[in-house]
Amino acid sequence: MRKSYIIVPNSLICDSSLLPSAKRVAVALLAYRNQQNACCKSVATLVKRSGVSRGTVLRALDALEEHGFLRRQKRYRYDALLHRPVFAANRYSLHIDLSMGYTLVPRWLLHSATFVISLFLYQCAGRTGRAYPSLRYTARTLDCSKSTVCRAVSILILSQEIIRLRCRNCLGCYSCNSYYVVFPVAGIASQPL
C-alpha cells in the first residue's frame, strides 16, 4: 500500500505559541498547496479537511497570519446578474520556512486525534527513523498531559505507524522508550533536540 505524505516545516511543528487546532489547519492548507505555495480553498473545505469547527478554522487562520505562516488575499469574480465583481474565495499564500528542516507526515494523521503528538514524534525521528523523547518531555513540550501522550502513542502503535521498544538502563530500570517510524522516508530533515 502506497502512502502519501505532507511536507510539514519543523518551524511550524516547534512553534509552541500556536494551538494544536492552528497546526491542524496549517497542515490542511499544506495538503492543498500548489507549486507556488498557494491554496484557494473555502473555509468549509478547510473545516472538512481539518476536522475542526468553522470558528476554530477562522481563529486558526488569524493566528497563522499573525505568526507569519500565511497571507490572505481576497479573490473576486464578475457576476453577470449583478453586473459587478463579487467575493469568490480567499487565496492563502503560505510562507514555508524549511531552514529548520521538514518532516514528512502521512496524510491520514490529519484526521486523527493524535495529530500534534504524531507530528512531534515524526519530527524527533528525523533521518534515522528513531525517536526517544520521554513521555514527560513530550507532554511538557506540547503542553498536554502525560496520559494524552500515552493514548496517542498507543493509537500510533495500533495503526502500525510506529514501533515502540521498551528500553532499560544498565541497572535494569526502565528508561525512555525508543519509537521507530515504520515507513521511514528519505529526505526527512530534523532539528536536533
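Details of the structure are given in the entry above.
Now for a quick tour of the structure. Note that the structure is a prediction, hence the values are computed from the model and not measured.

**Side note on the overall build of the chain**
- Assigned secondary structure in the chain consists of seven helices and eight strands.
- The burial tally for the chain puts 42% of its 193 residues in the buried class.
- A sequence separation of at least 24 residues applies to 58% of the contacts in the chain between residues at least 6 apart.
- With the model as given, the accessible surface of the chain reaches about 11000 Å², and the carbon-plus-sulfur share is 55%.

**A look at the nonpolar core**
- Counting residues in each nonpolar core, the largest one holds 47 residues, and the members touching the most others are Val8, Leu12, Val25, Leu29, Leu61, Leu64 and Leu121.
- Excluding residues within four positions of it along the chain, Leu29 makes contact with Cys39, Leu46, Leu61, Leu70, Tyr92 and Leu94.

**Considering helix α6 (residues 135-142)**
- For α6, the full list of buried residues reads Thr138, Ala139 and Leu142. All buried residues of α6 project into a common sector of 95 degrees when viewed along the axis, lining one side. With respect to the buried face of α6, the exposed residues turned more than 90 degrees away are Arg136 and Arg140.
- Looking at the buried side of α6, the elements it contacts are α5 (115-125) and α7 (146-158).
- Positive phi appears at Asp143, one or two residues downstream of α6, with a value of about 55 degrees.

**Some details on helix α2 (residues 20-32)**
- The end-to-end C-alpha distance of α2 is 19 Å, a good match for the 18 Å that 13 residues give at a rise of 1.5 Å each.
- A large share of α2 lies buried, amounting to eleven of its 13 residues.
- Those residues of α2 that fall on the buried side of the exposure criterion are Ser21, Ala22, Lys23, Arg24, Val25, Ala26, Val27, Ala28, Leu29, Leu30 and Ala31.

**A few points about the packing of aromatic side chains**
- Under the definition given, this model contains one aromatic pair.
- Here Phe120 and Tyr137 contribute two aromatic rings whose centre-to-centre distance is 6.2 Å and whose plane-to-plane angle is 45 degrees, an arrangement assigned as tilted. Residue Phe120 is located in helix α5, and its partner Tyr137 is located in helix α6; the two are separated by 17 residues in the primary sequence.
- By relative accessible area, Phe120 is classed as buried at 4%.
- The exposure class assigned to Tyr137 is partly exposed, which follows from its relative accessible area of 28%.

**Looking at the sheet that holds strand β6 (residues 130-131)**
- Pairing within the open sheet is antiparallel, and its three strands lie in the order β6-β8-β7. Edge positions in the sheet fall to β6 and β7 (162-165), since each has one partner strand and no second.
- Note: β6 against strand β8 (residues 178-181), two bridges, orientation antiparallel. The residue of β8 that forms the bridge with Ala131 is Tyr179.
- Lying over the sheet, α7 contacts β7 and β8, oriented at roughly 115 degrees with respect to β7.

Cut-off values and rules
Residues numbered from 1 in each chain as written. Predicted model: local features only at pLDDT ≥ 70, side-chain atom pairs only at ≥ 80, totals over all residues. Heavy atoms only, no water. Helix = DSSP H or I, 4+ residues; strand = E, 2+ residues; numbered from the N terminus. Buried < 20%, exposed > 50% of the residue type's maximum accessible area, 1.4 Å probe, protein only. Contact = heavy atoms within 4.5 Å. Areas by Shrake-Rupley, 256 points an atom, 1.4 Å probe, with all protein chains shown as cover. Core = buried A, V, L, I, M, F, W, Y, C linked by side-chain atoms within 4.5 Å. Arc of directions from axis to C-beta. Expected span 1.5 Å × (residues − 1). Phe/Tyr/Trp six-rings, centres within 6.5 Å; stacked < 30°, edge-to-face > 60°. Pairing = 2+ DSSP bridges. Axes fitted to C-alpha atoms, helices over the stretch in contact; angles between N-to-C directions.

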